[in-house]
Amino acid sequence: MEAIPPGALTRDLSTLLNLFDFEESAVDWMTKMAYEYVASGAADELTLRWNRQALDAIRLNPTVLTDVSQLDTSVSLFGTRLSHPILIAPTAYHRLMHPEGELATVRGAGAASALYVVSSFTTTPLAEIAQRATQPLWFQLYVRDDRAFTQNLIQEAEALGYRALCITVDTPTPGVRNREHRSHFKLPDDVRTPHMGGPLVEKKPLTWKDIEWIQSFAKTPVLLKGILNPDDAERAVESGVSGIIVSNHGGRNLDTVPATIDALPRITERVDQRMPILLDGGIRRGTDVLKAIALGASAVLVGKPICFGLACGGAEGVAKVLQILQHELELAMALTGRATLAGIDRSVIWQ
Ligand SMILES: Cc1cc2nc3c(=O)[nH]c(=O)nc-3n(C[C@H](O)[C@H](O)[C@H](O)COP(=O)(O)O)c2cc1C
Ligand SMILES: CC(C)CC(=O)C(=O)O
């Protein structure tokens, strides 16, 4: 690994005003390999681009002269009250982005009152992250061929206080990652993944039977991460899971699947309030959060911007990314005349 640049922990973030600024600046603070790993999408990166383009293409229909003097961005998810609906998506290998890795991320989450979904490919033990958490944690699970190992891992996370389990279901194999390969991605020897052992090269298929099996012993709510197809959403309801995350893995797995915000309305319609729906993919502006909520999401997750915030400024960078997004959401609510998240319905979308 190239050396972490001097002053990495003390750089000035005051000129970074939005999430795009963080991405632009992160290039200077990350190794080329780490930057390419985070920023790239699968194959021709069409889905990666569509995630953004589809959000940009949605226009808003504000209501004027409503009382927005008291804004309330809070939301309840599975019995936990959150002060805002912006969660940290699970992303692997935080020590590739900053020497403090996930310990910086969890401090940033605390400073910004954000729920943090920790990746199976964390480079810091789950226990150490939990010790420093001041906000709720969830655990993202990659199911390994060794099912006994998987069961132990789930039980370990639950015992440590992780409050929900997000099973990633869209990655029977990673996608075509040309940019990652071109930059010769390899984890440096001193960056380890204490809960995953080696890379994901599973042979035993993950199926609905496994989801039933996990639910037979899981004590925390189970969510499926990576649903795009309304039929799968229906099946998820039938399988009794607590929620789903509409996700195309940030455009990193199967190229040319739709933008998540385009997939959301059909899924919302099919689920018909039977369980909460979360969404990730391309959320960069407060207006994006508002659009996702208007189309049926209870909350959103952000992936790449957290990695860039971490690279630019450790815990402070993570916190700032989240605080900017939170503040922009409040502005979007005030300017569309919506004082609460419940008030953000489809009528806020220009039809
Ligand atoms: C660098 C990176 C690593 C990721 N690692 C994981 C992971 O370990 N597990 C997982 O379920 N999703 C992973 N994802 C996908 C994210 O959880 C999320 O679905 C996606 O990044 C959201 O899109 P966004 O980056 O446009 O916000 C990763 C994404 C990135 C960018
Ligand atoms: C280790 C990888 C499978 C993590 C991941 O989900 C990703 O890079 O998108």
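Just so it is clear, the structure is predicted and the values come from calculations on it, not from any experiment.

### Description of helix H10 (residues 260–271)
Now for step 1: The end-to-end C-alpha distance of H10 is 16 Å, a good match for the 16 Å that 12 residues give at a rise of 1.5 Å each.
Now for step 2: Of the positions making up H10, those classed as buried are Thr260, Ile261, Ala263, Leu264, Ile267 and Val271. End-on view of H10: buried residues confined to an arc of 135°, all on one side of the axis.
Now for step 3: Residues of H10 that are buried sit in contact with helix H3 (46–57), strand E7 (222–227), helix H9 (230–239), strand E8 (243–246), strand E9 (277–280) and helix H11 (286–294).
Now for step 4: Phi for Asp272, located one or two positions after H10, is positive at around 50°.

### Structural notes on the site of ligand 1
Now for step 1: In the vicinity of ligand 1, 25 residues are found, and the nearest of them are Thr91, Ser119, Gly250, Gly303 and Lys304.
Now for step 2: Elements supplying a minimum of two residues to the shell around ligand 1: helix H2 (32–39) and helix H12 (304–336).
Now for step 3: A class-by-class count of the residues in the shell around ligand 1 yields nine nonpolar, 12 polar and four charged.

### Re the pairing of E9
Now for step 1: Burial along E9 is two-sided: the face carrying Ile277 and Leu279 and the face carrying Leu278 and Asp280 are both buried.
Now for step 2: Relative to E9, E8 runs parallel, the two sharing three bridges. Within E9, the residue paired with Val246 across the bridge is Leu279.
Now for step 3: The parallel pair E8 and E9 is bridged by H10, and the resulting crossover is right-handed.
Now for step 4: On the question of chirality, the crossover connecting E9 to the parallel strand E10 (residues 299–302) by way of H11 is right-handed.

### Topic: H3
Now for step 1: Spanning 12 residues, H3 covers 16 Å between terminal C-alpha atoms, matching the ideal 16 Å at 1.5 Å per step.
Now for step 2: Taken residue by residue, H3 has Thr47, Leu48, Trp50, Asn51, Ala54 and Leu55 as its buried positions.
Now for step 3: Looking at the buried residues of H3, the elements they touch are H10 and H11.

### Quick look at the packing of H11 against H12
Now for step 1: Across the interface, H11 lies against H12 with an axial gap of 7 Å and an inter-helix angle of 65°. Between H11 and H12 lies a crossing whose hand is right-handed. Together, Gly286, Thr287, Val289 and Leu290 of H11 and Leu325, Glu328, Leu329, Leu331, Ala332, Met333 and Thr336 of H12 make up the contact between the two elements.
Now for step 2: Counted by class, the contact of H11 with H12 contains seven nonpolar, three polar and one charged residues.

### Overview of the nonpolar core
Burial of nonpolar side chains together is a common tendency in soluble globular proteins.
Now for step 1: Residues Ile88 and Val300 are the most contacted members of the largest nonpolar core, which totals 101 residues.
Now for step 2: In terms of residues, this core owes the most to one element, H12, which gives 16 residues.
Now for step 3: Apart from residues lying up to four places away in sequence, Ile88 is in contact with Thr105, Ala109, Ala114, Leu115, Tyr116, Val117, Leu301, Val302 and Ile306.

### With respect to the UniProt feature "binding site: glyoxylate" (unreviewed entry) in the protein chain
Now for step 1: Under the UniProt annotation, the feature "binding site: glyoxylate" (unreviewed entry) is placed at Tyr37, Tyr142, Arg177, His249 and Arg252.
Now for step 2: Along the chain, His249 turns up in the loop between E8 and H10.
Now for step 3: Ignoring sequence-local partners within four residues, the contact set of His249 consists of Asp170, Thr171 and Gly226.
Now for step 4: Examined against the element boundaries, Arg252 turns out to sit in the loop between E8 and H10.

Conventions and cut-offs
- Residues numbered from 1 in each chain as written.
- Chains lettered and ligands numbered in written order.
- Predicted model: local features only at pLDDT ≥ 70, side-chain atom pairs only at ≥ 80, totals over all residues.
- Helix = DSSP H or I, 4+ residues; strand = E, 2+ residues; numbered from the N terminus.
- Expected span 1.5 Å × (residues − 1).
- Buried ≥ 20, exposed ≤ 12 C-beta atoms within 10 Å, placed from the backbone.
- Arc of directions from axis to C-beta.
- Contact = placed C-beta atoms within 7 Å.
- Near = placed C-beta within 6 Å.
- Nonpolar A, V, L, I, M, F, W, Y, C, P; charged D, E, K, R; others polar.
- Pairing = 2+ DSSP bridges.
- Right-handed = clockwise from strand over helix to strand, strands pointing away.
- Axes fitted to C-alpha atoms, helices over the stretch in contact; angles between N-to-C directions.
- Left-handed = near helix turned anticlockwise from the far one by under 90°.
- Core = buried A, V, L, I, M, F, W, Y, C linked by C-beta atoms within 7 Å.
- UniProt positions renumbered as here; feature names shortened; annotations may be inferred.

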